[in-house]
Amino acid sequence: MFDEIEFEKIKRLPKYVFAAINEIKLKMRQEGEDVIDFSMGNPDGATPEHIVDKLCEAAHKPKNHGYSASKGIYKLRLAVADTYQRKYGIALDPDMQVCIAMGSKEGYVHLVQAITNPGDTAIVAEPAYPIHYYAFILAGANVATFGLKWNEKYELDEDAYFASLEKALHNTMPKPKFVVTNFPHNPTTVVVYKSFYERLVALAKKERFYIINDIAYADLSFDGYVAPSIFEVEGALDVAVESYTLSKSYNMAGWRVGCVVGNEKLIGALQKIKSWLDYGLYTPIQIAATIALNGDQTCVQEIANKYEHRMEVLIDSFGAAG
């Protein structure tokens, strides 16, 4: 008789794409196939040694073995704020405008859970990183989509983007409350400039929607391009939050350290829901992450240079193969 009980939320979710690929990959390898995996962006390099050393040192101190703070220890939140000041010239309040997350994915999902009402609508441009879309489905909301367009340099076609966005804003019912952006873009690598965020923030204030901006790949930029933060635009704190992660920049994917920063109302909602759901990251990991953000950033550039070299080898090899 329990077969009649349905879980409607789960029925709305397809199988997670990376789980499906992992099953295919495992089957092929069991059959003796030589598989080259281009699916999930999972760093294969070592976490820089000074970060690992700090983790080990902190883990040997019994005082660090208890429950931590769900929104992140103060020194890590301060390190995030200092990083934004150093990189983007932005002043953030570590108490009111920063929340540490167990990776930016967890922070994003719980933010959506906290701020979304059943039946709300969000706009997500496609193709998209799966959770950008399905976090709203999990929250009982709806998603409107449109396709991204870009030029031969993989720069976003801003005019096409805003024409599609305004059409979605005016033709979708109920009117969307949230617009999700992600640049440098996963999976296309499309990039934007400050001018994009200037237009987006102005439109958000005019049409009254919040922006959730994901900059997970901000530090992996090549050929002199520097990815901007939305908060370089005056007034962005009124309408936006931004998620960042140490996963790619510091080869710390498995450590699960990210953050969401920005608008106090949205960050407050995230901090509150996390206080009900978790007790925070293991404190030694947070201490080591603080060292990562505050320490010598040469390692970040070295990691980016390694990816750039791999990109060039890949392009040259594919070109040689026709």
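For the structure itself, look to the data block above.
About the criteria used
- Residues numbered from 1 in each chain as written.
- Predicted model: local features only at pLDDT ≥ 70, side-chain atom pairs only at ≥ 80, totals over all residues.
- Heavy atoms only, no water.
- Phe/Tyr/Trp six-rings, centres within 6.5 Å; stacked < 30°, edge-to-face > 60°.
- Helix = DSSP H or I, 4+ residues; strand = E, 2+ residues; numbered from the N terminus.
- Buried < 20%, exposed > 50% of the residue type's maximum accessible area, 1.4 Å probe, protein only.
- Axes fitted to C-alpha atoms, helices over the stretch in contact; angles between N-to-C directions.
- Parallel < 35°, antiparallel > 145°, perpendicular 65-115°, else oblique.
- Left-handed = near helix turned anticlockwise from the far one by under 90°.
- Contact = heavy atoms within 4.5 Å.
- Nonpolar A, V, L, I, M, F, W, Y, C, P; charged D, E, K, R; others polar.
- Arc of directions from axis to C-beta.
- Salt bridge = Lys/Arg side-chain N within 4 Å of Asp/Glu carboxyl O.

Novice: Could you give an account of the packing of aromatic side chains, with specific residues and numbers?
Specialist: Under the definition given, this model contains 14 aromatic pairs. For the ring pair Tyr 84 and Tyr 88, a centre distance of 5.3 Å and an interplane angle of 50° mean the geometry is tilted. A residue pair is termed a helical-turn pair when its members lie 3 or 4 positions apart in one helix, as Tyr 84 and Tyr 88 do in helix H4 (residues 74-88) at four residues. The pair formed by Tyr 84 and Tyr 88 is uniform in burial state, with each residue classed as buried. One aromatic cluster is present, formed by Phe 146, Tyr 161, Phe 162, Phe 183, Phe 196 and Tyr 197 through successive ring pairs.

Novice: Tell me about the packing of H4 against helix H10 (residues 283-294), residues and numbers included.
Specialist: Relative to each other, H4 and H10 sit at 20°, their axes nearing to 9 Å. Classed by the angle they form, the pair H4 and H10 counts as roughly parallel. Note that H4 runs across H10; the crossing there is left-handed. Facing Lys 75, Leu 76, Ala 79, Val 80, Thr 83 and Arg 86 of H4, the residues of H10 in contact are Gln 286, Ala 289, Thr 290, Leu 293 and Asn 294. By residue class, the composition of the contact of H4 with H10 is five nonpolar, four polar and two charged.

Novice: An account of helix H3 (residues 49-59) is requested, with residue identities and associated values reported.
Specialist: Buried within H3 are the following residues: Ile 51, Leu 55 and Ala 58. Buried residues of H3 fall within an arc of 70° about the axis and therefore sit on the same side. Buried-residue contacts for H3 involve H10.

Novice: So what's going on with the pattern of salt bridges? Residues and values would help.
Specialist: For the structure shown, the criterion picks out 17 salt bridges. Here Lys 25 makes a salt bridge to Asp 37, at a shortest N to O gap of 2.7 Å. One end of the pair, Lys 25, is in helix H2 (residues 17-30); the other, Asp 37, is in the loop between H2 and H3, and twelve residues separate them in sequence. Note on Asp 37: relative accessible area 34%, which makes it partly exposed. A salt bridge links Glu 31 to Lys 27; the shortest N-O distance between them is 2.6 Å. When its relative accessible area of 51% is taken as the criterion, Glu 31 is described as exposed. Each of Glu 6, Glu 8 and Lys 11 takes part in a single network of salt bridges with overlapping partners.

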